[in-house]
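# Topology and contacts: notes
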Amino acid sequence: MTEFWLISAPGEKTCQQTWDKLMTATTRTNNLSTNNKFNIPDLKVGTLDVLVGLSDELAKLDSFVESVVKKVAQYMADVLEDSRDKVQENLLANGVDLVTYVTRFQWDMAKYPIKQSLKNISEIVSKAISQIDNDLKARASAYNNLKGNLQNLERKNAGSLLTRSLADIVKKEDFVLDSEYLITMLVVVPKTNYTDWQRTYETLSEMVVPRSTNLLFEDHDSGLFSVTLFRKAIDDFRHKARENKFTVRDFQYNEEEMKADKEEMTRLSTDKKKQFGPLVRWLKVNFSEAFIAWIHIKALRVFVESVLRYGLPVNFQAMLLQPNKKNMKKLREVLYDLYKHLDSSAAAIIDQSAMDIPGLNLSQQEYYPYVYYKIDCNLLDFK
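One structure accompanies this document, and this report is about it. Worth saying up front: this structure is predicted, and the values here are computed from it rather than measured. (Residues numbered from 1 in each chain as written. Predicted model: local features only at pLDDT ≥ 70, side-chain atom pairs only at ≥ 80, totals over all residues. Heavy atoms only, no water.)

## Here we look at the sheet that holds strand E6 (residues 247-249)
Read across the open sheet, the four strands follow the order E4-E5-E3-E6; overall the sheet is antiparallel. Among the strands making up the open sheet, the edge pair consists of strand E4 (214-218) and E6. Looking at each pair of strands side by side, their axes are set apart by 35 degrees on average, direction ignored. Strand direction decides the pairing type here: strand E3 (residues 182-190) and strand E5 (residues 222-230), joined by nine bridges, are antiparallel. From the neighbouring strand, methionine 185 faces E5, where its bridge partner is valine 227. (Pairing = 2+ DSSP bridges. Helix = DSSP H or I, 4+ residues; strand = E, 2+ residues; numbered from the N terminus. Axes fitted to C-alpha atoms, helices over the stretch in contact; angles between N-to-C directions.)

## Some words on the packing of aromatic side chains
This model, assessed by the stated rule, comprises 17 aromatic pairs. Aromatic pair tyrosine 368 and tyrosine 370: ring centres 5.4 Å apart, planes at 15 degrees, arrangement stacked. Note on accessibility: tyrosine 368 and tyrosine 370 belong to one class, buried. Both rings, one in tyrosine 368 and one in tyrosine 372, keep their centres 5.2 Å apart while their planes meet at 85 degrees; by these two values the pair is edge-to-face. The pair tyrosine 368 / tyrosine 372 is uniform in exposure class, with both members buried. Among the aromatic side chains, those forming a connected cluster through ring pairs are Phe38, Tyr101, Phe105, Phe287, Phe291 and Trp294. Note that arginine 332 overlies the ring of tyrosine 368, its terminal NZ or CZ placed 4.0 Å from the centroid. (Phe/Tyr/Trp six-rings, centres within 6.5 Å; stacked < 30°, edge-to-face > 60°. Buried < 20%, exposed > 50% of the residue type's maximum accessible area, 1.4 Å probe, protein only. Lys NZ or Arg CZ within 6 Å of the ring centre and 35° of its normal.)

## Focus on the packing of helix H5 (residues 118-156) against helix H8 (residues 255-310)
Viewed as axis vectors pointing N to C, H5 and H8 meet at an angle of 155 degrees, and their least axial separation amounts to 8 Å. Relative to H8, the element H5 lies roughly antiparallel. Helix-helix and strand crossings are classified by hand; for H5 and H8 the assignment is left-handed. Class assignment for the residues of the contact of H5 with H8 results in 22 nonpolar, five polar and ten charged. (Parallel < 35°, antiparallel > 145°, perpendicular 65-115°, else oblique. Left-handed = near helix turned anticlockwise from the far one by under 90°. Nonpolar A, V, L, I, M, F, W, Y, C, P; charged D, E, K, R; others polar.)

## Observations concerning helix H1 (residues 15-28)
Along an α-helix, a turn takes 3.6 residues, which lines up residues three or four apart on a common side. Helix length check: H1, at 14 residues, gives a terminal C-alpha distance of 18 Å against a target of 20 Å (1.5 Å per residue), a fit within 8%. Looking at the buried residues of H1, the elements they touch are strand E1 (3-10), strand E2 (33-37), strand E7 (316-323) and helix H9 (328-339). (Expected span 1.5 Å × (residues − 1). Contact = heavy atoms within 4.5 Å.)

## Re the sheet that holds E1
Reading across the sheet, the four strands line up as E2-E7-E1-E8 and stay open at both edges, with antiparallel pairing between neighbours. The outermost strands of the open sheet, each flanked by one partner alone, are E2 and strand E8 (371-376). Across the sheet, the mean angle from the axis of one strand to that of its neighbour is 25 degrees, orientation sign disregarded. The sheet contact formed by E1 and E7 spans six bridges and is antiparallel. The residue of E7 that forms the bridge with isoleucine 7 is methionine 319. Of the strands in this sheet, E1, E2 and E7 touch H1, which is tilted by about 170 degrees from E2. H9 contacts E1, E2, E7 and E8 of the sheet and is inclined by roughly 10 degrees relative to E1.

## With respect to unusual backbone geometry
Residue proline 313 is reached from leucine 312 by a cis peptide bond, and omega for that bond is -5 degrees. Mapping proline 313 onto the fold places it in the loop between H8 and E7. At asparagine 94, a position not held by glycine, the phi torsion is positive, near 55 degrees. Here asparagine 94 is to be found in the loop between helix H3 (84-90) and helix H4 (98-103). With phi around 70 degrees, methionine 207 is a residue other than glycine that occupies positive phi space. By secondary structure assignment, the location of methionine 207 is in the loop between helix H6 (194-200) and E4.

## Describing the side chain of glutamate 3
The topology assignment puts glutamate 3 in strand E1. The class of glutamate 3 is buried, set by a relative accessible area of 15%. Separated by 2.8 Å, the side chains of glutamate 3 and tryptophan 5 make a polar contact. Excluding its chain neighbours within four sequence positions, the residues that come into contact with glutamate 3 are Leu321, Gln322, Pro323, Met328, Lys374, Ile375 and Asp376. (Polar contact = N/O pair within 3.5 Å; in protein donor to acceptor, adjacent residues only side chain to side chain.)

## Focus on helix H7 (residues 234-243)
Listing the buried residues of H7 in full gives Ile234, Phe237 and Ala241. Burial along H7 is one-sided: seen end-on, the buried residues are contained in an arc of 65 degrees. In H7, the exposed residues that point more than 90 degrees away from the buried face are Asp235, Arg242 and Glu243. Contacts made by the buried residues of H7 are with E3, H6, E5 and E6. Positive phi shows up at lysine 245, right after H7, with a value of about 65 degrees. (Arc of directions from axis to C-beta.)

## Side note on the environment of glycine 46
Note on placement: glycine 46 falls in the loop between E2 and helix H2 (48-79). According to the relative accessible area criterion, glycine 46 is exposed, its value standing at 58%. Distance in space between the C-alpha atoms of glycine 46 and leucine 118 is 7.8 Å, their sequence separation being 72 residues.

## Points about the pairing of E4
By the bridge criterion, four bridges tie E4 to E5 in an arrangement that is antiparallel. Looking across to E5, one finds that phenylalanine 217 is bridged to leucine 224.

So, in structure tokens, the structure goes:
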């Protein structure tokens, strides 16, 4: 399970008692979840008005940061061409896997100085993540263009003989070049019609050079034949060939052009390899940055919401629960029983199955008598 429930409850006589109570209710007897204390430092509270406004802003920021975290993760999967085993090992936060980072969360004092106001801290996050988002768009666009151009060239060099590039198939000696009167043409003939071709090509029009055809290349379905004729017979030959189900390819042997095509392919391929390493490194570093920022936003939300709900002085215990998948519904019930006294008006959504009723969209506004946020570390959406 990569899903966590980040909750908080007010301190009893001490915060340790709150923690012990939760442990007794959820793990000691019934193994409903694996729990960790979630350490939030002494942040500056500010005024109530500011907290109320901040509560909404942080909700939006949470969604935005999560979307960027997912975008970076998904793009990492795209760049690594979906070799799944490699993706996960590159998606780390502070050098450790995501579950370890979340369960051992420590506030980063250097990045988010706690002497600053809560609003300032949220602005630091917002600015940094907007920058990552913009950089990602620019880098992804450049790399995708390169990849797309390379794929187009590769496609031109694959596919059937009717459409593919012939540059890597034909050689100079296959053609009569620099002749005022003669020209070599290339014709695609289905394998089932080889005999017809050999029997009829000399008579498809006047002025075809006898015994001038050669099979240059074959693919699964057809063969590429050369044939030499007089230039003035081109149109007639093309027309008659089509009537006999032979396709004349438009092709002029041009060494310069073919060389340029090959060089372009090599250049794009080299460029892609060159950009690949730095791009993966950038994605690793910025995924870590974005994920760390995201968990700090969750911590800020718990802090703000706990102060708004439980009042001052600040006295609450933040706790991270990793639910046992089979017992999620039971865990909700136990938490409700444990904390229902905190808010008598809390229309607790106990019945998780209610969330599956079409048209009843409760999951957007899940409300419990305790502060609750979900953290899902499963960020990849493999197609």
